[in-house]
Amino acid sequence: MSSEEPKCVFLWAVPRSLATVMAKCMSSVAGVQVWNGPYQHVFLKEKLRALATSEDEEDKFIAESTNAAAKPLAQRISEIPVGKNIDTKFFEYPWLKTQLETEDQDKSLIFVKDIAHLLDGKYDFLPTERKFRHTFLIRNPNNVYKSLSKILFDITPEEYKGNFDLLKNPLYEADRIYQGSRDLWKHVKENLDSDPVVIDADELAANPEKLLPKYFEAIGVPWKDDYLTWAASDDVTMEWKAPYQALATAKVIGTHEVALGSTHFVPREPVLPSRDDMSDGVIKCIDEAMPIYEEMYQQRIKP
């Protein structure tokens, strides 16, 4: 039980950047409350509502393929233990802002992991009654788009794979990943936290023993070498505050299987993926994202 206000930290990530591994790592801190993707889920809820009533043919296609993917999983999802996970019906922007401003008073650390661009400019719903340290997890766009394309294609039902197009899926807004991250980063610097922390995912994976202590120092949390490893079980997610149905779905379809089963950060191959099987649209996104990535990369904590 903490007698003081908890330290509060956001980790704003780009997709496929080891953010879930980072959440498992932070779960080792005594007295922590991890929130997993709350703003991301509110964004997805609002998008799905809009798709359900849209007359646009592409929107209808996304809605149909999403429903087709979800239906066979319903029974398995319902069998996933709930723990501290919260029913998705509660996740709305005003509710979330209030929760982050008032709850978890008995904790020493509140750690919120989320996807930066899916905040979608809803800055008015960020907590202001508590002082949050804002941190950003970035990754080379070549690796992000390659990984995101693969995981989303893999979970697309077979009958819809022929029309798969990463950039036409409004649930992910893949063309906005880096611009949205930069916009949030700039907003934070100008309004909330003049010196937000930036770390690079691939450097973190290659040098956790160097970068993690610096990250902990930057967020004001005492470092222990024990934080470099953790249990392989995903039982720790039962202690997370997360939209239950979303996290349970991720467990069933395996989108975070490697991360949730991790025991430490694993170095990645330093070779960038080939563009040979990337669409022209994805390559265009990568090229437009690189200057933003490089701008933020210059501000990162170095190993």
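Residues numbered from 1 in each chain as written. Predicted model: local features only at pLDDT ≥ 70, side-chain atom pairs only at ≥ 80, totals over all residues. Heavy atoms only, no water.

Student: Quick one: what's the story with the overall build of the protein, residue by residue and with numbers?
Tutor: The helix and strand tally for the protein stands at 12 helices and 5 strands. A compact globule built from 303 residues would reach a C-alpha radius of gyration of about 19 Å, and the protein, at 19 Å, matches this within 12%. By its C-alpha atoms, the protein is 55 × 40 × 40 Å across when sized along the principal axes. Relative to its 303 residues, the protein shows a buried fraction of 50%. Considering only contacts within the protein whose residues lie at least 6 apart along the sequence, 88% involve residues at least 24 apart. Accessible surface computed for the protein: about 14,400 Å², of which carbon and sulfur atoms make up 51%. Within the protein, the 49 negative side-chain charges are centred at a point lying 3 Å from the centre of the 37 positive side-chain charges. (Helix = DSSP H or I, 4+ residues; strand = E, 2+ residues; numbered from the N terminus. Rg over C-alpha atoms; globule rule 2.2 N^0.38 Å. Buried < 20%, exposed > 50% of the residue type's maximum accessible area, 1.4 Å probe, protein only. Contact = heavy atoms within 4.5 Å. Areas by Shrake-Rupley, 256 points an atom, 1.4 Å probe, with all protein chains shown as cover. Lys, Arg positive; Asp, Glu negative; His and termini not counted. Charge placed at Lys NZ, Arg CZ, Asp CG, Glu CD.)

Student: Pulling in residues and values, what's your account of helix α12 (residues 280-297)?
Tutor: Look at α12: 25 Å from first C-alpha to last across 18 residues, which is about the 26 Å you get at 1.5 Å a residue. Of all bends in α12, the biggest is about 35 degrees, found at A289, and the proline P291 comes one to four residues later. Within α12, burial applies to V282, I283, C285, I286, A289, M290, I292, Y293 and M296. Summarising the contacts, the buried residues of α12 are in contact with β4 (132-138), α6 (141-154), α7 (177-191) and β5 (197-200). (Expected span 1.5 Å × (residues − 1). Bend = angle between axes of the 7 residues up to and from the residue.)

Student: A description of the side chain of Q33 should follow, citing residues and the corresponding values.
Tutor: Mapping Q33 onto the fold places it in strand β2 (residues 32-36). Among the polar contacts made by the side chain of Q33, one reaches the main-chain carbonyl oxygen of E239 at a distance of 2.9 Å. Excluding residues that lie within four positions of it along the chain, Q33 makes contacts with K84, D104, K107, L109, I110, F111, E239, W240 and K241. (Polar contact = N/O pair within 3.5 Å; in protein donor to acceptor, adjacent residues only side chain to side chain.)

Student: Tell me about the nonpolar core, and name the residues and values.
Tutor: Counting residues in each nonpolar core, the largest one holds 49 residues, and the members touching the most others are W12, Y39, Y145 and Y178. Elements supplying a minimum of two residues to this core: β1 (7-13), α2 (38-53), α5 (93-102), β3 (109-115), β4, α6, α7 and α12. In terms of residue count, α12 provides more of this core than any other element does, 9 residues in total. Not counting residues within four places of it along the chain, the set of residues in contact with W12 comprises Y39, D114, I115, A116, L119, L126, H134, T135, F136, L137 and L184. If you look at the next biggest cluster of nonpolar residues, it comprises 36 residues, including L18, V21, A23 and F265. (Core = buried A, V, L, I, M, F, W, Y, C linked by side-chain atoms within 4.5 Å.)

Student: Account for the sheet that holds β1, with residues named and values stated.
Tutor: Taking strand neighbours across the sheet as the criterion, the 5 strands line up as β2-β3-β1-β4-β5 in an open arrangement whose pairing is parallel. In this open sheet, the two strands that pair with only one neighbour each are β2 and β5. Pairwise comparison of adjacent strand axes, ignoring direction, gives a mean angle of 20 degrees for this sheet. The pairing of β1 with β4 spans 6 bridges and is parallel. Its bridge partner lying in β4, F10 is registered against H134. (Pairing = 2+ DSSP bridges. Axes fitted to C-alpha atoms, helices over the stretch in contact; angles between N-to-C directions.)

Student: Describe the side chain of T135, naming the residues involved and giving the relevant values.
Tutor: With respect to the helices, strands and loops of the structure, T135 is situated in strand β4. On the basis of relative accessible area, T135 is assigned to the buried category, the value being 0%. Of the polar contacts made by the side chain of T135, one reaches the backbone oxygen of F10; its length is 2.7 Å. A polar contact of 2.8 Å, which involves the side chain of T135, links it to the side chain of Y215.

Student: Account for the pairing of β3, naming residues and giving values.
Tutor: Regular strands place their side chains on alternate faces of the sheet. With respect to burial, β3 is a largely interior element, 7 of its 7 residues being buried. Side chains L109, F111, K113 and I115 project from β3 onto one buried face, and the interleaved I110, V112 and D114 project onto a second face that is buried too. With 5 bridges connecting them, β2 and β3 associate as parallel partners. Paired with W35 across the two strands is V112, which belongs to β3.

Student: I'd like a rundown of the pattern of salt bridges, residues and numbers included.
Tutor: Evaluation of the coordinates by the stated rule reveals 17 salt bridges. Note that K47 is salt-bridged to E173, the shortest N-O span being 3.0 Å. Residue K47 is found in helix α2, and its partner E173 is found in the loop between α6 and α7; the two are separated by 126 residues along the sequence. Of the charged contacts in the structure, one is a salt bridge between R176 and D120, with a shortest N-O distance of 3.7 Å. Within this pair, whereas R176 is found in the loop between α6 and α7, its partner D120 is found in the loop between β3 and β4, the two being separated by 56 residues in sequence. Residue classification places D120 among the partly exposed residues on the basis of a relative accessible area of 27%. A single salt-bridge network, built from bridges that share partners, covers K47, D120, K122, E173 and R176. (Salt bridge = Lys/Arg side-chain N within 4 Å of Asp/Glu carboxyl O.)

Student: Any chance you could break down α7 for me, citing the residues and the numbers?
Tutor: For α7, which comprises 15 residues, the first-to-last C-alpha distance of 21 Å matches the rise-based estimate of 21 Å (1.5 Å per residue) to within 8%. Along α7, the residues that are buried comprise I177, Y178, G180, S181, L184, W185, H187 and V188. Elements that come into contact with the buried residues of α7 comprise β1, β4, α6, β5 and α12.

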